[in-house]
Amino acid sequence: PNMAETVLNDKAPRDSVAVSRKDLPLSCPRPRDELWNMHPRVYLPIEKTGEATCPYCGVHYVLER
């Protein structure tokens, strides 16, 4: 694959991660994520739609009902 395809594939949503209301406000990376996997912290607005995807790593979060 060319470089553009590789970058696009890296941003593809990965497996969904379930989070509960006690995890709000939701930020990525989460405090328990491993150090090697860190990127700048970003807060994700998950409350209205019940799901959010991190713009840095592509992790897809789903709010448990």
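Up top is the structure these notes are about.
The model shown is predicted, which means the values in this text are computed figures rather than measured ones. (Residues numbered from 1 in each chain as written. Predicted model: local features only at pLDDT ≥ 70, side-chain atom pairs only at ≥ 80, totals over all residues. Heavy atoms only, no water.)

(A) Quick peek at the sheet that holds strand β1 (residues 16-19). Judged by pairing direction, the sheet is mixed, and its 3 strands sit side by side in the order β1-β5-β4 without closing on themselves. Each end of this open sheet is capped by a strand with a single partner; those strands are β1 and β4 (51-53). Neighbouring strand axes in the sheet, compared pairwise and without regard to direction, differ in orientation by 25° on average. As paired strands, β1 and strand β5 (residues 60-63) are joined by 4 bridges and run parallel to one another. Pairing of V19 across the sheet is with L63, part of β5. (Pairing = 2+ DSSP bridges. Helix = DSSP H or I, 4+ residues; strand = E, 2+ residues; numbered from the N terminus. Axes fitted to C-alpha atoms, helices over the stretch in contact; angles between N-to-C directions.)

(B) Looking closely at the layout of surface pockets. In this structure, the largest pocket spans a volume of roughly 180 Å³. As for the largest pocket, its lining consists of 13 residues, of which P29, D33, N37, C57 and V59 are closest to the centre. Its residues assigned to classes, the lining of the largest pocket shows 7 nonpolar, 2 polar and 4 charged. (1 Å grid on protein atoms, 1.4 Å probe; cavity = no way out; pocket = protein on both sides within 12 Å on 5 of 7 lines; lining within 4 Å. Points joined across faces, edges and corners; volume = space filled by probe spheres on them. Nonpolar A, V, L, I, M, F, W, Y, C, P; charged D, E, K, R; others polar.)

Just distances and angles here, no functional claims.
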